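Take a look at the letters that make up each chain.
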Amino acid sequence: MYINYKDVDFHSLLLKMYRYYDLDIIDVMVIFIADELIKEGEKTITIDCIRPFFPKKVSQSDVDYSLVKLINKRIIIISDDFSCSIDQFKKTLFEDALKDSYLDMYSSNDTKDNLFSIIEKNINRKLTISQRESVTNYLREGYLEDDIIEAFKESIIDDGYVSNSRVKDYLEGKKR
């Protein structure tokens, strides 16, 4: 049986994964509203279409910024005839969820715990919750365990303190 992005609950998936795309809750609401407007036949998504769905306490500039951000990230795609679509993002979200599922299936918690232990041994202190989440995200993004370990080693500043931005920079350098 073949399952594609149209067979899953897009809204539920987005609520679970929006942080991985550097989105905030206003961005999520703009995506939800745009999706509904497109389903209802709206071709062009503008701030005037979206704004009425937000309470007055959400500033106009926040909604404007969110819409521009989503267009710039190509989450909302505007074609030559100015019609809008989020289908490509739905496909990407679905594919990423499949990858996560695959990782969870083939990467047990023992593996992650072992990786955490190796990193903690190398930096001589416990990882913070945030750093553990970052390690898990690096695995999701496809970085190799050895590269993650090396990134943490190379990013020690003082007394085991690790610069998270240096870890990320090191890993991004490996990607190139």
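Residues numbered from 1 in each chain as written. Predicted model: local features only at pLDDT ≥ 70, side-chain atom pairs only at ≥ 80, totals over all residues. Heavy atoms only, no water.

Student: In this structure, what is going on with the layout of surface pockets? I would like to understand it.
Tutor: Unfilled space is identified by rolling a water-sized probe across the atoms. For the largest pocket, the calculated volume is near 730 Å³. Listed by contribution, the elements that provide at least two residues to the lining of the largest pocket are α1 (10-17), α5 (87-106), α7 (129-140) and α9 (164-175). Partitioned by chemical class, the residues of the lining of the largest pocket number eight nonpolar, four polar and twelve charged. (1 Å grid on protein atoms, 1.4 Å probe; cavity = no way out; pocket = protein on both sides within 12 Å on 5 of 7 lines; lining within 4 Å. Points joined across faces, edges and corners; volume = space filled by probe spheres on them. Helix = DSSP H or I, 4+ residues; strand = E, 2+ residues; numbered from the N terminus. Nonpolar A, V, L, I, M, F, W, Y, C, P; charged D, E, K, R; others polar.)

Student: Even after reading the chapter, I still don't get the packing of aromatic side chains, so can you show me in this structure?
Tutor: In this structure the tally under the stated criterion is three aromatic pairs. The interplanar angle of 90° and the centroid separation of 6.3 Å between the aromatic rings of F10 and F89 together place this pair among those described as edge-to-face. Here the residue F10 occupies a position in helix α1, and F89 occupies one in helix α5, the gap between them amounting to 79 residues. Just as F10 is buried, F89 falls in that class too. Ring centres 6.0 Å apart and planes at 90° place the aromatic pair Y138 and Y143 in the edge-to-face group. Grouping residues by exposure puts Y138 and Y143 together as buried. The ring of Y18 is capped by R19, whose NZ or CZ atom sits 5.1 Å from the centre of that ring. (Phe/Tyr/Trp six-rings, centres within 6.5 Å; stacked < 30°, edge-to-face > 60°. Buried < 20%, exposed > 50% of the residue type's maximum accessible area, 1.4 Å probe, protein only. Lys NZ or Arg CZ within 6 Å of the ring centre and 35° of its normal.)

Student: Hey, could you run me through the side chain of S163 in this one?
Tutor: Structurally, S163 can be placed in the loop between α8 (145-154) and α9. Residues in contact with S163, not counting those within four places in the same chain, are S155 and I157. (Contact = heavy atoms within 4.5 Å.)

Student: Even after reading the chapter, I still don't get the environment of L67, so can you show me in this structure?
Tutor: Its place among the elements puts L67 in helix α4 (residues 60-72). Separated by 41 residues in sequence, L67 and I26 place their C-alpha atoms 9.4 Å apart. When near neighbours in sequence (up to four residues on either side) are disregarded, L67 contacts V30, I45, T46, I47, I50 and I76.

Student: Would you take a moment to explain helix α2 (residues 25-39) for this structure?
Tutor: Residues spaced three or four apart along an α-helix point in a common direction, a consequence of the helix completing one turn every 3.6 residues. In this model, α2 (15 residues) spans 21 Å end to end at C-alpha, consistent with the 21 Å of a helix rising 1.5 Å per residue. By the burial criterion, the buried members of α2 are I26, D27, V28, V30, I31, F32, I33, A34, D35 and L37. At the N-terminal boundary of α2, the capping side chain belongs to D24, with an oxygen 3.0 Å from the backbone nitrogen of I26. Trailing α2 by a residue or two, G41 shows a phi angle of about 105°, which is positive. (Expected span 1.5 Å × (residues − 1). Polar contact = N/O pair within 3.5 Å; in protein donor to acceptor, adjacent residues only side chain to side chain.)

Student: I tried to follow the nonpolar core on my own but got confused; where do I start?
Tutor: If you look at the biggest cluster of nonpolar residues, it comprises 31 residues, and the most contacted ones within it are L14, L23, V30, I31, I50 and F89. Broken down by secondary-structure element, the contributors of at least two residues to this core are α1, α2, α3 (47-50), α4 and α5. With eight residues, the top contributor of residues to this core is α2. Here V30 is in contact with I50, F54, V63, S66, L67, L70 and I76, once residues within four sequence places are set aside. Among the nonpolar cores identified, the runner-up in size contains 16 residues, and I123, L127, V135 and Y143 belong to it. (Core = buried A, V, L, I, M, F, W, Y, C linked by side-chain atoms within 4.5 Å.)

Student: Any chance you could explain the side chain of K69 here in plain terms?
Tutor: Examined against the element boundaries, K69 turns out to sit in helix α4. The contact partners of K69, leaving out residues within four places of it in the chain, are D22, L23, D24 and D27.

Student: Please clarify how the pattern of salt bridges should be interpreted in this entry.
Tutor: Where charged atoms of side chains with opposite charge meet at close range, the side chains can pair. Within this structure, the stated rule accounts for seven salt bridges. The residue K39 makes a salt bridge to D35 at a minimum N-O spacing of 3.5 Å. Here K39 and its partner D35 are both found in helix α2, four residues apart, which amounts to about one turn of the helix. A single network of salt bridges, built from pairs that share partners, joins D35, E36, K39 and K90. (Salt bridge = Lys/Arg side-chain N within 4 Å of Asp/Glu carboxyl O.)

Student: Help me understand the packing of α2 against α4 in this model?
Tutor: The axes of two packed helices give the description: the angle between them and the distance between them. Contact pair α2 / α4: the axes reach a minimum separation of 9 Å and the direction vectors enclose 70°. In terms of orientation, α2 and α4 fall into the roughly perpendicular class. Residue-level inspection shows I26, D27, V30 and I31 of α2 in contact with α4, the latter providing D62, V63, S66, L67, K69 and L70. Broken down by class, the residue content of the contact of α2 with α4 amounts to six nonpolar, one polar and three charged. (Axes fitted to C-alpha atoms, helices over the stretch in contact; angles between N-to-C directions. Parallel < 35°, antiparallel > 145°, perpendicular 65-115°, else oblique.)

So, to be careful, I would describe these as geometric facts and stop short of saying anything about function.
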